[in-house]
Amino acid sequence: MKKEEVLETLKVIAHDPFPYLRSKRETGKKIIGSPLADVPSEMVYAAGFLPVTILGTNQPIVKASAHLPDNACSLARSNLELVLNYQPDSFNGFVFPQVCDTTQHLSDIWKMTIPSQFFASFLIPRQVDRKSARHWFYAETGRLREQLEDFSGKKIPDDALRESFRLYNEDRRLLREVYRIKRNAPGAISNRRLFDVIRSSCFMDPKDHIPLLRDLLNALEGGRAGDGNVKIVISGIVVEPSQLFDILDELKVSVVGDDLIVGSRMIDYDVPDRDDPIEALTERHFAKSPFSPIRDVGTRLYDHLLQLTEETGADGIIYFHIKFCESQDYDLPDMKRIMRDRGIPMIVLDTEYQSVTRSQTKTRLEAFVESLYGERVNG
Amino acid sequence: MGETQPKMTAKEYSKQLTKEYYEGAKHAHEQGKYIAYTTAVSPAELFYAHDIIPIYPENHSVMIITRRMTAELSESVEQEGYTTHLCAYARSDLGFRKLHKSPIGGIPDPDFLLACNAQCFTLTKWFEVLSRRYNAPLFVFDTPQFIRDKRAREEIIKYVMEQIYEMIEALETLTGRKFNFDRLREVVEYSRQASVLYKTYLDLAAYKPSPISIFDALINMAITVYLRGTPQAVTFYKMLVNEVMENKVKKGIGAIPNEKYRLYWENLPIWFKFRDHFNLLASYGAVILTSLYAHSWSYDFDPSDPVRTLAENYASVFSNVELEERAEMALDLFNRYSLNGSIMFLNRSCKAVSFAVHELRDIITKKTGVPALVFESDMGDPRFYGESQIRTRIEAYLETLDQLSFERERGLIA
């Protein structure tokens, strides 16, 4: 496939995966959905199911308000809305992670309002720096394996897990390659296209996704080099709606790094090769970069972002705050102070799945980007 | 125990204990003692067993709220980005640290912080801010949702027990002293006794008329929150139960005259309004008797295996179980206290207790056949309290209950 054709295919799936998922269901595949974050897709896949990350909807909230108050974060509300209203029949079951108060309640509400053949809680540790966290993750991943086996009616052989690791690792490797090209030659692929490609991996069987990525990489090889744009690191959990990336493209900003959950944190960490596959998944989990709701070591939440900014030579940081995400709210005042002290320009955008105040966002970003160009000239 | 009880009322004793507790905390550092901040639901027994003073910033925030200082303190940190939809306890606390205003002259800085997320996740983030500010270690005591799956529960208890040992190690590192498990057993035994007596006290609400209302329970809850694990807490609840038995139950005196509606309250109270609510309800012959929140400290400890019992009790509080089980806990109170109405408060401050309130209402109204009032406000921030609107809704609800009982008396409905 040609570059534009591949990109278009991936973009379509990134924003409406449901026709693709239907086609999979027609072949007898069961679809298992999971909200963010850290459910080991490799395990679900090895059980013979298609793991899908549920990434909410940008369509209006109609039914979710009756179940989840208006001050619940935009991500939780749009996840519930998606499955309650827009795609009630797209999933056979769910593996549901809990990371904060909202996801814990969402899990309870989900069980009561959304009929499914299978529901497994995946209770990830909300701390990472003690031995107990590793023991717990190992136990919980083992429990997930058994639940999936009960649902499918057959054991998950270790070899199936290893094959799944191999496929997902390959998919991630190719995604990192696309990202690397973007970093070195920002003109080769737009910000929007890059993140559409990453997003598409949340929905696709790696066996379908890998060939598309290979085609894309072949087409990108001859990509243009640096474009003189300002270089930005983007920070947060998700960037929603995706039109925000279009604005970045319009403003000639090049994303050179990110700490997003639907971004680098999803593609940077491969499952290592170990005798015990559950141990391998555990090791991968604890290698990951920080995630706001999970208590990390000391100030690693900020240190990681600082390091990323330094390594990529970024001119500044754009932080995407999900409306009513209290975890991010608690992080931000100190984060702003730290960046100010270090002289790293940062702007915080409050975002909501259902709306983008385009002109206002663009004006604010424009002023921010101009100030970065100014710094370049003066600096 | 054969210790003598002080010659004063339970109320006076509670005041004295509170004063001594905060005085002790204030001078802790001078005396070479350590201060640990901890969450209201947390294995504070570990601190008492290791001679560390647990301080509850939430409790201090309640004092800030009831003295109506929250709006001012909160505004001072809203400018920094701690937005109004965050917990009013956290905003009150962060404001206190900025403006140094407090109804009790403040609380000492922490040497250590413990956040147990069985209660909520918010505290972890709030304490993370404090941990950075004071450069003090934060220990997240992680209690995965206590789901109804036998295998999961066994694993959760194992995980939580392992963390208790990790916590003990952390305390030994902090103080340079060896942890004493015999002392822990003793402290857990005091906690057990205080919890049993506290529960006995709450259960006095089963009498008709009920000698206590939720407002009494909320006031008298403070001692078990911050002094469980001490002999003083045991003495206090003994005195309290005896007093209520002698002065009220035996004489048939209720918390309100002409008790007609015995209500359940869902969520934390609206701290700055609870006297108004009591009076408004009483004028309709209604009284709120209990809530799962007040029962958060009705633990059932077994001191013979202190580490396991702490793990089991703190992992299984109402805010950490699945919604169906939480509804069962509430329905158990409905049955035991013969309740005939419920007010369910959707608390903007407390996502951890509020977010599934609609589902909870559905279960409870279905099982009891009694309508419930759901209204939204904030437990601590008067700027989110619509005085006339909430009053009107409470009145309308009580009139509905009146209408229902009128129809029931005349056999118009079952």
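Keep in mind that this is a model prediction, so the values were computed, not measured.

## A word on the overall build of chain B
Argument step 1. Counting its secondary structure elements, chain B contains 16 helices and eight strands.
Argument step 2. For chain B, whose C-alpha radius of gyration is 21 Å, the value lies close to the compact-globule estimate of 22 Å for 414 residues.
Argument step 3. If you line up chain B on its principal axes, its C-alpha atoms span 70 × 55 × 50 Å.
Argument step 4. Of all 414 residues assigned to chain B, the portion counted as buried reaches 51%.
Argument step 5. Residue pairs in contact within chain B that sit at least 24 positions apart in sequence constitute 78% of those at least 6 positions apart.

## Structural notes on the overall build of chain A
Argument step 1. Helix and strand content of chain A: 15 helices and eight strands.
Argument step 2. Against the globule reference of 21 Å for 379 residues, chain A gives a C-alpha radius of gyration of 20 Å, in line with a compact fold.
Argument step 3. Expressed as a percentage of the 379 residues in chain A, the buried residues total 53%.
Argument step 4. In chain A, the proportion of contacts linking residues at least 24 apart, taken out of those at least 6 apart, comes to 74%.

## Concerning the pairing of strand E5 (residues 230-236) of chain A
All names here are of chain A.
Argument step 1. Of all seven residues making up E5, seven are buried, and the element is well covered by its neighbours.
Argument step 2. Of the two faces of E5, the one lined by Val-230, Ile-232, Ile-234 and Gly-236 and the one lined by Lys-231, Val-233 and Ser-235 are each fully buried.
Argument step 3. Read as a crossover between parallel neighbours, the route from E5 over helix H10 (residues 243-250) to strand E6 (residues 253-258) is right-handed.
Argument step 4. Note: E5 against strand E7 (residues 316-322), five bridges, orientation parallel.

## Concerning the environment of Arg342(A)
Residues and elements named next belong to chain A.
Argument step 1. Along the chain, the position of Arg-342 falls in helix H14 (residues 326-342).
Argument step 2. Using a count of 12 C-beta atoms within 10 Å as the deciding quantity, one classes Arg-342 as exposed.
Argument step 3. Taking the C-alpha atoms as reference points, Arg-342 and Pro-88, separated by 254 residues in sequence, lie 48 Å from one another.

## Here we look at the packing of helix H4 (residues 74-86) of chain A against helix H5 (residues 101-113) of chain A
Residues and elements named next belong to chain A.
Argument step 1. Contact geometry of H4 with H5 gives a least axis separation of 11 Å together with a crossing angle of 15°. In terms of axis orientation, H4 runs roughly parallel to H5. Regarding H4 and H5, the two cross each other, and that crossing is right-handed. Contact residues: H4 offers Ala-76, Leu-80 and Leu-84, while H5 offers Thr-102, Thr-103, Leu-106, Ile-109 and Thr-113.

## Re the sheet that holds strand E3 (residues 93-97) of chain A
Residue and element names in this part refer to chain A.
Argument step 1. In space, the four strands of this open sheet follow the order E2-E1-E3-E4, with parallel pairing throughout. If you trace the sheet from one side to the other, it starts and ends with strand E2 (50-53) and strand E4 (118-122), each paired once. Ignoring strand direction, the axes of neighbouring strands in this sheet form an average angle of 20°.
Argument step 2. Pairing analysis gives five bridges linking E3 to E4, with the strands arranged parallel. Residue pairing for E4: Phe-96 is matched across the bridge by Ser-121.
Argument step 3. With respect to the sheet, H5 is in contact with E3 and E4, its orientation differing from that of E3 by roughly 160°.
Argument step 4. In the packing of helix H6 (residues 131-152) onto the sheet, the strands contacted are E3 and E4, and the crossing angle to E4 comes to about 175°.

## Here we look at the interface of chain A and chain B
Argument step 1. Contacts between the two partners involve 38 residues from chain A and, on the opposite side, 40 residues from chain B.
Argument step 2. At the level of secondary structure, the elements contributing two or more residues to the side of chain A that touches chain B comprise H5, H6 and H14 of chain A.
Argument step 3. When residues in the side of chain A that touches chain B are grouped by element, the largest group, eight residues, is from H14(A).
Argument step 4. Partitioned by chemical class, the residues of the side of chain A that touches chain B number 16 nonpolar, 12 polar and 10 charged.

## Considerations on the environment of Arg132(B)
Argument step 1. Structurally, Arg132(B) can be placed in helix H6 (residues 122-134).
Argument step 2. C-alpha separation for the pair Arg132(B) and Ile104(B), spaced 28 residues apart in sequence, amounts to 24 Å.
Argument step 3. Setting aside residues no more than four positions away along its own chain, Arg132(B) makes contact with Thr299(A) and Asp334(A).

## Section: the sheet that holds strand E4 (residues 138-141) of chain B
All names here are of chain B.
Argument step 1. What the four strands build is an open sheet, ordered E2-E1-E3-E4; its pairing is parallel. Sheet topology places strand E2 (53-55) and E4 at the edges, where each strand pairs with a single neighbour. Neighbour-to-neighbour, the strand axes of this sheet turn through a mean angle of 25°, independent of strand direction.
Argument step 2. Inspection of the sheet shows strand E3 (residues 112-116) paired to E4 by four bridges, in the parallel sense. Residue Ala-115 lies in a different strand from E4, and its bridge partner there is Val-140.

## A few points about the pairing of strand E1 (residues 35-38) of chain B
Residue and element names in this part refer to chain B.
Argument step 1. A two-sided burial pattern is seen for E1, the buried positions comprising Ile-35 and Tyr-37 on one face and Ala-36 and Thr-38 on the other.
Argument step 2. Across three bridges, E1 lies against E2 in parallel orientation. By the bridge assignment, Tyr-37 is partnered in E2 with Ile-55.

## Re the confidence of the model for chain B
Argument step 1. When the pLDDT values of chain B are averaged, the result is 95; 99% of them are 70 or greater.
Argument step 2. Predicted complex metrics record ipTM = 0.95 and pTM = 0.96.

## A short note on the packing of H14(A) against H6(B)
Argument step 1. Look at H14(A) against H6(B): their axes get within 9 Å of each other, and the N-to-C directions meet at 10°. Comparing the axis directions of H14(A) and H6(B) gives the class roughly parallel. In this structure, H14(A) contributes Glu326(A), Ser327(A), Tyr330(A) and Asp334(A) to the contact, and H6(B) contributes Thr122(B), Lys125(B), Trp126(B), Glu128(B), Val129(B) and Arg132(B).
Argument step 2. Looking at the contact of H14(A) with H6(B) residue by residue, the classes come out as three nonpolar, two polar and five charged.

## Re unusual backbone geometry
Residues and elements named next belong to chain A.
Argument step 1. The omega angle of the peptide bond from Glu-240 to Pro-241 is -10°, so this bond is cis rather than trans.
Argument step 2. Inspection of the secondary structure puts Pro-241 in the loop between E5 and H10.
Argument step 3. Positive phi is not limited to glycine here, since Asp-38 has a value of about 80°.
Argument step 4. With respect to the secondary-structure elements, Asp-38 resides in the loop between strand E1 (31-34) and helix H3 (41-46).
Argument step 5. Accessibility expressed as a C-beta count within 10 Å gives 20 for Asp-38, which makes it buried.

## Some thoughts on helix H13 (residues 300-312) of chain A
Residue and element names in this part refer to chain A.
Argument step 1. Taking 1.5 Å of rise per residue, the 13 residues of H13 would be expected to cover 18 Å, and the 18 Å separating its terminal C-alpha atoms lies within 8% of that figure.
Argument step 2. In this fold, the buried residues of H13 make contact with E5, E7 and H14.
Argument step 3. Backbone geometry just downstream of H13 places Gly-313 in the positive-phi region, at approximately 65°.

So, how was this worked out
Sequence positions are assigned chain by chain, starting from 1 and proceeding in written order. Each chain gets a letter, beginning with A, and each ligand a number, beginning with 1, in the order they are written. pLDDT decides what is reported in this predicted model: residues at 70 or higher carry local features, side-chain atom pairs at 80 or more are listed and counted, and totals for whole chains, interfaces and linings draw on all residues regardless. Here a helix means four or more residues in a row that DSSP labels H or I, a strand means two or more in a row labelled E, and each is numbered from the N terminus. Atoms counted for the radius of gyration: C-alpha only. Globule rule: 2.2 Å times residue count to the power 0.38. For every residue, the other C-beta atoms within 10 Å of its own C-beta are counted; 20 or more classify it as buried, 12 or fewer as exposed, and values in between as partly exposed. C-beta atoms are placed from the backbone. Residue pairs are scored as contacts if the distance between their C-beta atoms, which are placed from the backbone, is within 7 Å. Seen with its strands pointing away from the viewer, a crossover is right-handed if its path from the first strand over the helix to the second goes clockwise. Here the rule is simple: two strands pair whenever DSSP picks up at least two bridges between them. The convention used is that axes are lines fitted to C-alpha atoms, helices contributing only their stretch in contact, and that angles between N-to-C directions extend from 0 to 180 degrees. Here is the rule for angles: anything less than 35 degrees is roughly parallel, anything more than 145 is roughly antiparallel, 65 through 115 is roughly perpendicular, and the remaining ranges are oblique. Crossings are assigned a handedness: left-handed for a near helix turned anticlockwise from the far helix by less than a right angle, right-handed for a clockwise turn. Charged means Asp, Glu, Lys or Arg here, nonpolar means Ala, Val, Leu, Ile, Met, Phe, Trp, Tyr, Cys or Pro, and polar covers whatever is left, Gly included. How sure the predictor is of each residue is captured by pLDDT, a score from 0 to 100. A helix is expected to reach a length of 1.5 Å times the quantity of its residues less one.

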